[in-house]
Structures are given as C-alpha cells and as structure tokens.
Amino acid sequence: MLPQPKSAIANVPFVTHGAADPAELEAWGLDPEEVVDFSVNDNPYGPSPAVTRALASVPAHRYPDREARALRRALSARLGVGPERIVAGNGASELLWLVALGYIRSRDTVMIVGPTFGEYERVARLMGARVQFWRARAETGFAVDPDGVAAVLDTVRPAVVFLCTPNNPTGTLVPTDVIARWARAHPACLFVVDESYFEFAAYRLAGLRSAIELDLDNILVIRSLTKLYGLAGLRLGYAVAPPQVVAVLHRVAPPWHVNAVAQAAGVAALTDEAHVGRSLARVWDACDKFRRGLETLGLAPLPSATHFFLLDVGDGAAWRRRLLRYGLVVRDCASFGLPQYIRLATRREEENERLLATLARERRRAT
Ligand SMILES: Cc1ncc(COP(=O)(O)O)c(C=O)c1O
C-alpha cells in the first residue's frame, strides 16, 4: 500500500485566487508586461522607493530574526500596541495557517462569515474541522446581519470564527461594536478578523475603527502588508492579538518563516508613510472616476468601502475570458459562489481608462 495522506485532505478545497496566472498568460500569448491586472487588490503604485533601496543591503547569508523584532517594533510604533501583541507572518495567509495549527482541532466547528476569501475554509478543512457558513445575500447588498450571525453562533458554538472587514470580495464592513458583541457572548471562541484592506477603507471613512482597538482576549486581527505596501512577491503580514495568543502562534510557526528580505522591506515600507498617503489619495481619485466611467457605460458597480468592488455582469467567467483577449484580467467570482459577478480592483487611472475604452468599443461593435 502506498503512503496515504490524512483523511481530512480529501475535504480541502482548491482555492481560486486573483492575480494573472503566468501559465494562462503564456497560453494566450500575452506579454505579462502588457497585461493590466484588475484581479489583484493591491496598491497599483507599488512599493515605496525606500523598499527597493533596503532590499539591496539585506545580508542573504544570515538567518533572519526568528521573531522579526525590528518589524514588530516598527508596527508597534505605528499601531500604538506593544510588540508582545504582534506576530509577523509570511503574508496574511500564513497567519491563517498558524491560527489553524494553534486553535483548530479535528471535528471542531469553524464558522465563516461569507461569501469571502477562500483560504479560511481551506485551513479549517485541513485541520479536519466542520465548516459552518453564514452567507450574506445579494438582495441585502451583501450586508452582514448581526442577529443572523449571532443566531448561528449560538447554535453551532464554533471554536473559531473567520470574518473579513472590509470583506473580499463584497467590500462590506462589519462594525467593531458588532464584533465586540459577538466576541463577548462567546468568550471561548477565537474571532479572527481579517483587516487586510483596513487602510484602504480608513482613508475614505474618517473614524473607521479597527478591531485592534477592542483589545479583547478572544480577538485576533490579521493585516496584510502585501496589498497596501506593494509587497505581494515578498510575502508579509501580521496579526495583533493578546500576548497569550501571540505566544501560541510563535510556538507553532515554522522556524525563520518570515525571510530577511521581507522583514527589511516591511521596516522600510513603514518608514515611508508619505508614499502610502499619496498612493491612497490617487487610488481613491482613480476609483471614483473608474466607477463613474462604468456607470456611464450602463453598468452598476456595487457600493464598496474599499477600492475594489463587484459588478453584476451575468456571466463572470465569460467576461473574464473576453477581457483576457485584450490583456485585461478581471476576477471571475464563481469561486465565491457568485458566478454572475466579476470583481474589479482600481488600478492606475490610465489603466482603468483602458478597460473603460475596451468596454465602450465592444459596446459600439455590438450595436
Ligand atoms: C481577505 C484577504 N486576506 C488575506 C489575503 C492574503 O494576503 P497576503 O498576500 O498578505 O498573504 C488576501 C489576498 O488576496 C485577502 O484578500
């Protein structure tokens, strides 16, 4: 008999992600440099020049700091929370794995507030957990119903809850007081709040509160540094949680899991807030114009707290294929259970205009 994987593996779903797939581009004969990728929700202006400079001086032969202390200190100064409440990760994604390793037992129930990022389900299934979804509906603008979620929490009593705010792909927010109410009612449950897009929303919504401020014993907040700071290729994220939860995540993490280049890039990125501020101003300006341009074409982008949004096009997969021919990559939302939608992230103004012009041209041809 051949070696057999754990039985839970059979239930681990394949998760689709945004970002142009190099193999697919090659098959279509597309030059990656010519492609505009609306399926990635990152900062279209890329990393700060301070990051590029910092990369050149990282000693490749030395092991990275296993506790990423310089990065955690920089984050501590920025967030106003002690470094003992911060854990760095190889992207926000790795932190989901660390939560699963530390807190999800086989046959636990894990609750996911959806439709949302596919990796929450993947890590839960990997641990052999049962997954219970509460799904927001299109008819209510994908708003999260606090009482609806509370009712499921009371019934299934999950060990861990995953929720994302602003949510990928719907762009909806869950207010912190609602999260606090759920968390206080279920002190034995760990609430994992993915705020990977928090800063994008906070730039527009003055006074937007983060779940970090709640400082509750059963809340862990995950943030990605790959989106806003343009570090997707380097992989970097962090979580803020009570020190005892941080200690568990450090305990289960692989050694040297955040490489030296990523750590140095993170520290450098955090020193250049001016770059981030400029990028956010331009992104939101471009986002407003992009949405207006789509509306002029008779399309109806859904409201969103962030710079990406859903568009009901009837058949997301067909739209994706059609636009790919022009080197424009959009996110078909079938994997979120939303096959009639595509998700568009705002890119640079001239790139958004390229998509608008393509749609306008197609429309003229069809009439
Ligand atoms: C909600 C959400 N969380 C986490 C991630 C992963 O972020 P990272 O690139 O930091 O692993 C993504 C990326 O698409 C995301 O959309």
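Residues numbered from 1 in each chain as written. Predicted model: local features only at pLDDT ≥ 70, side-chain atom pairs only at ≥ 80, totals over all residues. Heavy atoms only, no water.

**Q** Would you explain the site of the ligand in this entry?
**A** Every one of the 15 residues lining the ligand counts as a neighbour, but Ser 93, Asp 194, Ser 224, Lys 227 and Arg 235 are closest to it. Contacts to the ligand include Tyr 197, whose side-chain N or O atom sits 2.7 Å from an oxygen atom. Here the residues of the shell around the ligand sort into six nonpolar, six polar and three charged. (Near = heavy atom within 4 Å. Polar contact = N/O pair within 3.5 Å; in protein donor to acceptor, adjacent residues only side chain to side chain. Nonpolar A, V, L, I, M, F, W, Y, C, P; charged D, E, K, R; others polar.)

**Q** So what exactly am I meant to see when it comes to the side chain of Thr 109 here?
**A** Of note, Thr 109 is situated in strand S3 (residues 109–114). On the accessibility criterion, Thr 109 (17% relative accessible area) is buried. Residues within four places of Thr 109 in sequence aside, it is in contact with Arg 130, Gln 132, Val 156, Pro 158, Ala 159 and Val 160. (Helix = DSSP H or I, 4+ residues; strand = E, 2+ residues; numbered from the N terminus. Buried < 20%, exposed > 50% of the residue type's maximum accessible area, 1.4 Å probe, protein only. Contact = heavy atoms within 4.5 Å.)

**Q** In this structure, what is going on with the packing of helix H6 (residues 146–156) against helix H7 (residues 176–185)? I would like to understand it.
**A** Think of two packed helices as two axes; the pair is described by the angle between the axes and how far apart they sit. At a closest axis distance of 11 Å, the pairing of H6 and H7 adopts a crossing angle of 15°. With respect to each other, H6 and H7 are oriented roughly parallel. As H6 runs across H7, the sense of the crossing is right-handed. Taken together, the residues of H7 that come into contact with H6 (itself represented by Pro 146, Asp 147, Val 149, Ala 150 and Leu 153) are Val 178, Arg 181 and Trp 182. Split by residue class, the contact of H6 with H7 holds six nonpolar, no polar and two charged. (Axes fitted to C-alpha atoms, helices over the stretch in contact; angles between N-to-C directions. Parallel < 35°, antiparallel > 145°, perpendicular 65-115°, else oblique. Left-handed = near helix turned anticlockwise from the far one by under 90°.)

**Q** How should I be thinking about the sheet that holds strand S11 (residues 331–332) in this particular structure?
**A** Two modes of strand pairing occur in sheets, parallel and antiparallel, and in both the strands are linked by backbone hydrogen bonds. On the basis of which strands lie adjacent, the open sheet formed by three strands has the order S9-S12-S11 and antiparallel pairing. The open sheet has two edge strands, strand S9 (308–312) and S11, and neither has a second partner. Here five bridges tie S9 to strand S12 (residues 341–345), and the two strands are oriented antiparallel to one another. Following the sheet pairing, Asp 312 is matched in S12 by Tyr 341. (Pairing = 2+ DSSP bridges.)

**Q** Got a minute to help me understand the domain arrangement of the chain in this structure?
**A** Often the size quoted for an interface is simply the accessible area lost on bringing the parts together. The domain boundaries assigned to the chain delineate domain 1 (7–46 + 274–366) and domain 2 (49–272). The C-alpha-based centres of domain 1 and domain 2 are spaced at 24 Å. Taken together, the contact between domain 1 and domain 2 spans 32 residues of the former and 34 residues of the latter. Both sides of the domain 1 and domain 2 interface together cover about 2,800 Å² of buried area, and 67% of this is carbon and sulfur. (Domains from an automatic or database assignment. Buried area = accessible area lost by both parts, 1.4 Å probe.)

**Q** Help me understand the environment of Asp 37, please; the structure alone is not making it clear to me.
**A** Position of Asp 37 among the secondary structure elements: in strand S1 (residues 36–37). The exposure class assigned to Asp 37 is buried, which follows from its relative accessible area of 15%. When neighbours within four sequence positions are excluded, Asp 37 is seen to be in contact with Ala 19, Ala 20, Val 329 and Arg 347. Among the polar contacts listed, one links the side chain of Asp 37 to the side chain of Ser 39, at a separation of 2.5 Å.

**Q** Looking at this model, I keep getting lost on the pattern of salt bridges. Mind explaining?
**A** Pairing between side chains of opposite charge can happen when the charged atoms of each approach one another. All chains considered together, the criterion is met by 18 salt bridges. With a shortest N-O distance of 3.0 Å, Arg 125 and Glu 121 are connected by a salt bridge. In this pair, Arg 125 and Glu 121 are both assigned in helix H5 (residues 119–126), four residues apart and thus about one turn of the helix distant. A salt bridge links Arg 137 to Glu 139, with the shortest nitrogen-to-oxygen separation between them at 2.8 Å. Each of Arg 78, Glu 195, Glu 199, Arg 223 and Glu 273 takes part in a single network of salt bridges with overlapping partners. (Salt bridge = Lys/Arg side-chain N within 4 Å of Asp/Glu carboxyl O.)

**Q** Help me out: how do you make sense of helix H4 (residues 92–103) in this one?
**A** Owing to its 3.6 residues per turn, the α-helix aligns residues three or four sequence positions apart on the same side. Between its terminal C-alpha atoms H4 stretches 17 Å, which fits the 16 Å expected from 12 residues at 1.5 Å a residue. By the burial criterion, the buried members of H4 are Ala 92, Glu 94, Leu 95, Leu 96, Leu 98, Val 99 and Ala 100. (Expected span 1.5 Å × (residues − 1).)

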